[in-house]
There are 2 protein chains.
Amino acid sequence: MRKKITKKIILDISVEIIAEEGYDALTLSRLAKSLGIRTPSLYNHISNLNQLRQEIAIKAFSHLHETLTDAVIGRSGEAALKEIFHSYVSFMRSHPGLYAAITRVPDPADEHIKEIADNSIDVIFRILEPYQLNKKDEVHMVRGLRAMAHGFVFIDMQGGFNMDVDIKQSMNESIETFLIGLKEVSLNNKN
Amino acid sequence: MRKKITKKIILDISVEIIAEEGYDALTLSRLAKSLGIRTPSLYNHISNLNQLRQEIAIKAFSHLHETLTDAVIGRSGEAALKEIFHSYVSFMRSHPGLYAAITRVPDPADEHIKEIADNSIDVIFRILEPYQLNKKDEVHMVRGLRAMAHGFVFIDMQGGFNMDVDIKQSMNESIETFLIGLKEVSLNNKN
DNA sequence: TCACAAAACTAACACCATTAGTTATAATAC
DNA sequence: GTATTATAACTAATGGTGTTAGTTTTGTGA
């Protein structure tokens, strides 16, 4: 008895194909071949390719989320933030297929996607707690940091950084710079 | 005599199709239809679809570059930086097709792409001149700001921002925060 | 007017996602 | 154990994609 094809197996193999051959290499025929079935048979398990891509993105997001939460264990404040940035970049570098899965998710407005994205952001919120910002400023600052993290990843993945200067150091100094300013905002806040 | 089909016309119509129907709507048959010729005839003018996409990305980049340089006219320092960020976001919002053209450029390592991307960064370098940072710090800080700008656009385009809090204000406050820190770095630099 | 190069054409190939309709398989009820 | 039934495989077909080869038309310059 050959082993049963489950949704989990389909997702796992899809991610595998993407990892090894790139995001666009994942076609239904390629996937079916790996599963040992004919292409149309896939429709007994998935609704269509876009839906599959959506689920792959969710898987990628949760994988990323896990990596980022792991990064802050035993760390706080600036050190935690730096580690998040570094983990983020290195995760995407070692999983360029998942990077594509996330940046090219068919429906970014999907509730599952939004939920897991929010969860990831919570990590940053917790790091900023000690600064005791007011609610609105807290949102602004989390957004700024989140944007910066995304941006570093984006530019790094597009090869937009000149190799002469270490990107890790750029991230560290950018974070330090931002946090110096943040302390100022925090002080003004208490008056 | 019907008008001659030039590379410029092909690019213009391609951008038009992308603008009105989205990035994936640009197919060779769609393009050929707009030009009033059959699909294979396109190969008398372009080498293939990916190459065309590459050239569209370059066009999009230069369009963006122009918008950003316009944004700083008559402004400097913080005001200029804020205007760049705002222009960046609003440009992408009003040209989602060009956003896709840029973020999904087939070959980001292309020399033309790198060159025009570097040109855009020069704007930020000029803004930071008054801070008199040393060469390395200047690179770090430009990278941080560039990443933040990219990140805000990226998250905005993916609909990742909760609408309750104004993104414009988040950008302003993030920039202010970063620049406060930057001033500190600048002072330490002079010793 | 002739020659030639540019740019159009048709026909074909190999892929793609997807649907409809059918058959085989495995589990369930009797 | 046999009949029933749902699951999951199959084949065949449709209409789309990019691309290549080979051919014909068109316009220009000699």
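Not measured: the values here are computed from a predicted model.

S.K.: What's the story with the protein's contact with DNA strand D in this structure? I'm lost.
M.R.: Every one of the 15 residues lining DNA strand D counts as a neighbour, but Arg38, Ser41, Asn44 and His45 of chain A together with Tyr43 of chain B are closest to it. Here, DNA strand D places atoms within 4 Å of the protein, and 70% of those atoms are sugar or phosphate. One nitrogen or oxygen atom from the side chain of Thr27 of chain B is found 3.4 Å from a phosphate oxygen belonging to DNA strand D. One nitrogen or oxygen atom from the side chain of Ser29 of chain B is found 3.0 Å from a phosphate oxygen belonging to DNA strand D.

S.K.: It is not clear to me how unusual backbone geometry should be interpreted in this structure. Could you clarify?
M.R.: Residues and elements named next belong to chain A. The residue Gln132 is not glycine, and still its phi comes out positive at about 45 degrees. If you trace the backbone, Gln132 turns up in the loop between α6 (111-128) and α7 (135-157). Accessibility expressed as a relative area gives 54% for Gln132, which makes it exposed.

S.K.: Honestly, the relation of the copies chain A and chain B in this entry has me stumped. Any pointers?
M.R.: Two copies of one chain are present, and they are related through a rotation about an axis combined with an axial shift. Mapping chain A onto chain B calls for a screw motion: a turn of 180 degrees about the axis and a shift of 0.0 Å along it, with 0.1 Å RMSD after fitting. The operation mapping one copy onto its partner corresponds to a two-fold rotation axis. Looking at the interface residues of chain A, 100% of them are also at the interface in chain B, so both copies use one shared face.

S.K.: Would you take a moment to explain the protein's contact with DNA strand C for this structure?
M.R.: Near DNA strand C you find 16 residues, and of these Ser29 and Tyr43 of chain A together with Arg38, Asn44 and His45 of chain B are the closest. Counting only atoms of DNA strand C within 4 Å of the protein, the sugar-phosphate share comes to 70%. Contact distances for DNA strand C include 2.7 Å between a phosphate oxygen and a side-chain N or O atom of Ser29 of chain A. Leu49 of chain A has a polar backbone atom sitting 2.9 Å from a phosphate oxygen of DNA strand C. Its residues assigned to classes, the surface near DNA strand C comprises seven nonpolar, seven polar and two charged.

S.K.: Where do I start with the side chain of Ser174 of chain A in this structure?
M.R.: Residue placement: Ser174 of chain A occurs in helix α8 (residues 167-189). On the basis of relative accessibility, which here comes to 0%, the residue Ser174 of chain A falls in the buried class. Ignoring sequence-local partners within four residues, the contact set of Ser174 of chain A consists of Met148 and Phe152 of chain A together with His140, Met141, Gly144 and Phe178 of chain B.

Reading guide: rules and limits
- Residues numbered from 1 in each chain as written.
- Chains lettered and ligands numbered in written order.
- Predicted model: local features only at pLDDT ≥ 70, side-chain atom pairs only at ≥ 80, totals over all residues.
- Heavy atoms only, no water.
- Near = heavy atom within 4 Å.
- Polar contact = N/O pair within 3.5 Å; in protein donor to acceptor, adjacent residues only side chain to side chain.
- Helix = DSSP H or I, 4+ residues; strand = E, 2+ residues; numbered from the N terminus.
- Buried < 20%, exposed > 50% of the residue type's maximum accessible area, 1.4 Å probe, protein only.
- Least-squares fit on C-alpha atoms with pLDDT ≥ 70 in both.
- Contact = heavy atoms within 4.5 Å.
- Nonpolar A, V, L, I, M, F, W, Y, C, P; charged D, E, K, R; others polar.

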